[in-house]
Amino acid sequence: MNHDPFAWGRPSDETYGQYNQAIANASNFPKMNTQQPIVTGTSVISIKYNNGTIIAADRLGAYGSLLRFTDVDRLFPVGNNTVVGISGDISDMQHIEKLLEDLETENNYDNSYADDEESLKPSYVFEYLAAVMYQRRSKMNPLWNAIVVAGVENGEPFLRYVNLLGVTYSSPTLATGFGAHMANPLLRRIVDRDSDVEKTDLQTAKNAILECMKVLYYRDARSSRKFSLAIIDKDQGLTLEKDLQVENMTWDFAKDIKGYGTQKV
Amino acid sequence: MFRNNYDGDTVTFSPTGRLFQVEYALEAIKQGSVTVGLRSKNYAVITALKRNADELSSYQKKIIRCDEHLGLSLAGLAPDARVLSNYLRQQCNYSQLVFNRKLSVEKAGHLLSDKAQQNTQSYGGRPYGVGLLIIGYDNSGAHLLEFQPSGNTLEVYGSAIGARSQGAKTYLERVMDKYIEIEDPEELIKTCVEALRQSLKDETLTTDNLSIAIVGKDIPFTQYDNEKVTPYL
Amino acid sequence: MTSIGTGYDLSNSVFSPDGRIFQVEYANKAVENGATSIGIKCTDGVVFAVEKIISSKLLVPKKNVKIQVIDRHIGCVYSGLIPDGRHLVNRGREESANFKKVYGQPIGIPAFADRIGQYIQAYTLYNSVRPFGVSAIFGGIDSEGPHLYMVEPNGAFWGYKGAATGKGRQSAKAELEKLFNEHPEGLTTRQALKEAARIIYVAHEDNKEKGFELELSWCSETETNSLHKFVTGDLLEEANEHAKREMNEGDDSDDEDVSSDEDNNAEQDRDGDIQLE
């Protein structure tokens, strides 16, 4: 008789071989991966116009409802004609930022055409990110983000979306998160279908984006006034402005909203 | 009798800093039948002379396609070339799958170099016994590379490897200035076949023993064999 | 070479009775037959230059690039067995990328030199591998400023103001010494580009029957944002022109022949050399 209480009621080693202790010591839960984002960035919005693409995102990193970090870059230039905009979990975003840096470094290895013919194109960057996002979701360990890749490729505007599920799609206007509900309808007033891109100039498109950033700041409680905006133009190349803020607001309506500020019933 | 003690493996340098095993591997290329390659700005062509073991056997394949835009011809140990071309096929697929990008010819060359180098610095293996001419058309245009088992891969305007390849090489050097300007792919193929002829001895080119491949602007990697080579004979 | 035939020179990781490791010495021979490479440390960065022997008319000019990027801020050039150099650079890239992953900043160049030295040394320890047939000159700019190192097949590395290796190293070294005597306060990278070009031309003198192409690269705090960049276009043209002009003028002046203690085994190496370079 084995007097070790641990052995009682277990299959005997003589019959079934060495007992796998890992079974008894197993956790009460299955392995758990990220199931919600922690610090988050809100919408990324973007639009095509006749000579390129515009993409914008605010600079807030929210910790739940706390506006915790107010100066976060969420637009990342990759090479000379691509910008990646990322919303969702900020730590996952920072991981993706590293992946993009490595991608760029490796493209410069032994590449005598790295500055032109064999530079990184938006579609290469996108395809890579989509592969990463899909692989991570298939491991049940997603990167909790929605990503927009904007740029110019072969003289044409490029815009495509991928998210934590590995879903991808493209459209002449793209927005993530809250912006998908609030900005997209507004942007589609300017560019509703592919044929509208040709008719839209930079200024019109930029104004639409600025207007959307304002609406989002009005209505999205996890947004900030400060935002970044990048333009990737066929002729002008890539410009990234990091110190913009929403202008020309009127908050007169605020006093009428119940629960906002001081209120006399 | 003189015996060379320094040629038994790939991990022994000779007193003059040579690697005899690697040099012997380069000799294996010369045992193979000849293959010639050349390129202009927009097109690259390879031609090769196929051999058969005996009258009743088929001819050994000399040209292998790796991707839409990339392929190669070989001289030396054909099975070794299959290992290397399978590797290139994998890398082409990977590049297409992960980056939606054609593997650049330059990168293909570097990948082969690095793979071959491993076989020259550790014990227990041998260097690859095959030379390759790699042609491809990518974002930066048409390219031709010459790969050697030592791990050297060079970008060239023209090259010939295999038995009696010197004849073709000399011819290519002589007419280089002309063919690098050729715009018509058909003309380029003709030049390449002519170069191959310079390396023939007893053989004559027939529909059975001539292989041709071309790649370039608006032409995916295409191989011509058997009756398809008739126009170029 | 009295050692030949004694059997102590056939395997790596074996000492001879007088304490030498012949296989490593033989690896040095592979380096000494390779095309000349040099590096110059300047006040604001580093400059690399290499002689690219044109072994055939069929080679495409300006291609078959020899200088390599290790990380954005580190460049590398080497003499000897080129495929071995590529192996080394691949390892260097792994080290550099790994450092960045762990510490979140670019690797310091002295720390990098240390890792590369260790790796090369490991290839002298075991009979299952052979030593690297290259001497590599590498460097760049980190948070401490410019650095230049050269590592040898035995794994030893030193920091240099001016480093040279390969066939023409003797005359290149003499020129580098002269250069630093003339400029005790150091040179700028812009000056050094021209001098590096000239030194490669001088080093090529002993090997005149073969044509060559010059390859140049640099890291500069002011000119390249501390990143490693190739020198192309007008700048490269200028350096080439300068070197040619100096060569024509210098014909009568200094003719101290320095290539004395070089073993002249050109005869023996003729076929192997071209193939492996």
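Residues numbered from 1 in each chain as written. Chains lettered and ligands numbered in written order. Predicted model: local features only at pLDDT ≥ 70, side-chain atom pairs only at ≥ 80, totals over all residues. Heavy atoms only, no water.

- Named according to an unreviewed UniProt entry, chain B is Proteasome alpha-type subunits domain-containing protein originating from Tetrapisispora phaffii.

- As annotated in an unreviewed UniProt entry, chain A is Proteasome subunit beta from Tetrapisispora phaffii.
- UniProt, in its Function (unreviewed entry) section for chain A, records the words "Non-catalytic component of the proteasome." (UniProt positions renumbered as here; feature names shortened; annotations may be inferred.)

1. Overview of the interface of chain C and chain B
For an interface, size is often stated in terms of accessible area lost upon the parts coming together.
Move 1: Each side of the interface is counted separately: chain C has 42 residues, and chain B has 40 residues.
Move 2: Here chain C and chain B share an interface that buries about 3,300 Å² over both sides, 55% of which is from carbon and sulfur atoms.
Move 3: Looking only at chain C, the three residues that lose the most surface to chain B are Lys57(C), Leu58(C) and Arg130(C), adding up to 23% of its buried area.
Move 4: For the interface between chain C and chain B, the tally reads one salt bridge.
Move 5: The partner of Arg86(C) in a salt bridge is Asp114(B), with the nearest N and O atoms 2.8 Å apart.
Move 6: At the junction of chain C and chain B, the tally comes to 18 residue pairs in polar contact (both at pLDDT 80 or more). (Contact = heavy atoms within 4.5 Å. Buried area = accessible area lost by both parts, 1.4 Å probe. Salt bridge = Lys/Arg side-chain N within 4 Å of Asp/Glu carboxyl O. Polar contact = N/O pair within 3.5 Å; in protein donor to acceptor, adjacent residues only side chain to side chain.)

2. A closer look at the UniProt feature "domain: Proteasome alpha-type subunits" (unreviewed entry) in chain B
Move 1: Those residues carrying the UniProt feature "domain: Proteasome alpha-type subunits" (unreviewed entry) are residues 6-28 of chain B in this numbering.
Move 2: For the annotated span residues 6-28 of chain B, helix accounts for 39% and strand for 0% of the residues, and the straight-line distance between the end C-alpha atoms is 18 Å. (Helix = DSSP H or I, 4+ residues; strand = E, 2+ residues; numbered from the N terminus.)

3. What to know about a nonpolar patch on the surface
All names here are of chain A.
Move 1: A contiguous nonpolar surface patch, about 310 Å² in accessible area, is contributed by Ile38, Tyr63 and Leu66.
Move 2: Here Ile38 shows up in the loop between α2 (21-24) and β1 (39-41).
Move 3: Residue class for Ile38 comes out partly exposed when judged on its relative accessible area of 48%. (Patch = residues over 30% accessible without salt bridge, like charges linked within 9 Å, V, L, I, M, F, W, Y side chains within 5 Å. Areas by Shrake-Rupley, 256 points an atom, 1.4 Å probe, with all protein chains shown as cover. Buried < 20%, exposed > 50% of the residue type's maximum accessible area, 1.4 Å probe, protein only.)

4. With respect to the pairing of strand β10 (residues 219-224) of chain B
In the case of a regular strand, side chains alternate between the two sheet surfaces.
Residues and elements named next belong to chain B.
Move 1: Summarising the sheet, strand β9 (residues 210-216) and β10 pair through four bridges and their orientation is antiparallel. Looking across to β10, one finds that Gly216 is bridged to Ile219.
Move 2: Taking the residues between adjacent antiparallel strands as the criterion, β9 and β10 are bridged by two residues, where Asp218 takes a positive phi near 60°. (Pairing = 2+ DSSP bridges.)

5. Considerations on helix α3 (residues 109-122) of chain C
Count 3.6 residues to each turn of an α-helix, and residues three or four apart come out pointing the same way.
All names here are of chain C.
Move 1: Over its 14 residues, α3 runs 20 Å from end to end, which matches the ideal 20 Å to within 8%, given 1.5 Å per residue.
Move 2: Among all positions in α3, only Ile109, Phe112, Ala113, Ile116, Gly117, Tyr119 and Ile120 are buried. The buried residues of α3 all sit within an arc of 165° when viewed along its axis, so they share a single face.
Move 3: The inward-facing, buried residues of α3 contact β3 (68-71), β4 (74-80), α2 (82-103), β5 (134-142), β6 (145-151) and β7 (157-159). (Expected span 1.5 Å × (residues − 1). Arc of directions from axis to C-beta.)

6. Examining the packing of helix α3 (residues 105-118) of chain B against α2(C)
Move 1: α2(C) packs onto α3(B) with a crossing angle of 100° between their chain directions and a minimal axis gap of 9 Å. Classified by the angle their axes make, α3(B) and α2(C) are roughly perpendicular. In contact with His110(B), Ser113(B), Asp114(B) and Gln117(B) of α3(B), α2(C) contributes Pro83(C), Asp84(C), Arg86(C), His87(C) and Asn90(C).
Move 2: In terms of residue class, the contact of α3(B) with α2(C) is made up of one nonpolar, five polar and three charged. (Axes fitted to C-alpha atoms, helices over the stretch in contact; angles between N-to-C directions. Parallel < 35°, antiparallel > 145°, perpendicular 65-115°, else oblique. Nonpolar A, V, L, I, M, F, W, Y, C, P; charged D, E, K, R; others polar.)

7. A few points about the side chain of Asn51(A)
Move 1: You can see Asn51(A) is positioned in the loop between β2 (44-49) and β3 (52-58).
Move 2: Among the polar contacts listed, one links the side chain of Asn51(A) to the side chain of Asp235(A), at a separation of 2.8 Å.

8. Details of the sheet that holds β6(C)
All names here are of chain C.
Move 1: A sheet is described by the order of its strands in space; here five strands give the open sequence β3-β4-β5-β6-β7, paired in antiparallel fashion. Two strands in the sheet have a free side with no partner beyond their single neighbour: β3 and β7. Strand-to-strand twist of the sheet, defined as the mean angle between neighbouring strand axes without regard to direction, takes the value 25°.
Move 2: Judged from the three bridges that link them, β6 and β7 form a sheet pairing that is antiparallel. When the sheet's bridge partners are listed, Tyr149 is paired in β7 with Gly159.
Move 3: Along the sheet, α2 makes contact with β3, β4 and β5, crossing β3 at roughly 20°.

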